[in-house]
Amino acid sequence: MSRPAAEPVVHIDDGRFRVTEWRFAPGAETGWHIHGHDYVIVPLTDGRLELGLPDGGSAEATLSRGVPYSRRTGVAHNVVNGGDEPLAFLEVEAVDSDLSARRLETLDRFLAAWNGRDVDALMACMADSCAFRASGGPGADGTRHEGRGAVRAAYAALFEAFPEAAWTRGRHSVSGDTGLSSWRFVGVTAAGERVEVDGCDIFDFDGDRIALKDSYRKNRG
Ligand code: NI
């Protein structure tokens with residue numbers, strides 16, 4: 001059974017702020033979206049939200065009329081009116097945080113390039129001066145690969161080591177010059193060993209491209 005769509009009414013869109021009134025009939029939903037800007041929600045009614053989350057779970061939130069709250073760029077969810085009454089809020093987005101939005105798009109493209117086994121697409125996301133610190137290696141900070149040539153070789157070697165590899169459950173956020181992506185890696189080595197482990201990357205940006213990918217994985221014992 002499909003839900004009705006929440007109705008957006010844009011009141012202000014001046015390049016600095018976008019102010020959207022969202023009206024929800026009971027059971028209505030926004031559909032899946034990733035917030036590309038920091039934002040403030042001002043409830044116009046009391047209400048109860050059901051939030052669909054990227055990991056397949058859900059959460060509930062209570063709206064109190066006139067009591068605002070703020071969230072950062074990168075929130076990903078589907079918002080559903082979980083109550084029996086119509087519900088409405090104002091969403092105030094700081095749209096001039098364009099750089100953060102472009103950085104989030106870079107992280108989306110980067111994850112897609114991993115799943116597409118596309119080294120050229122990966123390197124298109126990397127800055128002219130870039131580095132990769134692997135999750136394993138002899139040093140406390142993992143094996144370091146400095147410069148585009150070394151980074152490209154390390155990415156290609158990873159695809160060779162894992163003829164099958166997928167990065168699932170990708171989630172991204174950007175705060176200032178730092179990005180964070182978490183994922184579940186599911187792969188099979190050239191020797192046929194299956195690997196399934198959660199991990200994350202912490203990124204430094206240069207403009208909207210990645211200057212450093214610093215990787216971490218759970219240590220399965
Ligand atoms: Ni939202």
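The rules we used
Residues numbered from 1 in each chain as written. Predicted model: local features only at pLDDT ≥ 70, side-chain atom pairs only at ≥ 80, totals over all residues. Heavy atoms only, no water. Helix = DSSP H or I, 4+ residues; strand = E, 2+ residues; numbered from the N terminus. Buried < 20%, exposed > 50% of the residue type's maximum accessible area, 1.4 Å probe, protein only. Areas by Shrake-Rupley, 256 points an atom, 1.4 Å probe, with all protein chains shown as cover. Lys, Arg positive; Asp, Glu negative; His and termini not counted. Charge placed at Lys NZ, Arg CZ, Asp CG, Glu CD. Pairing = 2+ DSSP bridges.

Draft legend 1. Summary view of the overall build of the chain. Within the chain, the regular secondary structure consists of three helices and 15 strands. Taken along its principal axes, the extent of the C-alpha atoms in the chain is 55 × 35 × 30 Å. Among the 221 residues that make up the chain, the fraction classed as buried is 38%. Here the chain displays about 11,800 Å² of accessible surface, and carbon together with sulfur accounts for 50% of that area. Within the chain, one finds 25 positive and 34 negative side-chain charges whose respective centroids are separated by 4 Å.

Draft legend 2. Highlighting the pairing of strand S1 (residues 7–13). Here S1 pairs with strand S2 (residues 17–24) via six bridges, running antiparallel. Each residue of the ladder has a partner; that of Val9, found in S2, is Glu21. As consecutive antiparallel partners, S1 and S2 are separated by three residues, and within that stretch Gly15 has a phi angle of approximately 90°, a positive value.

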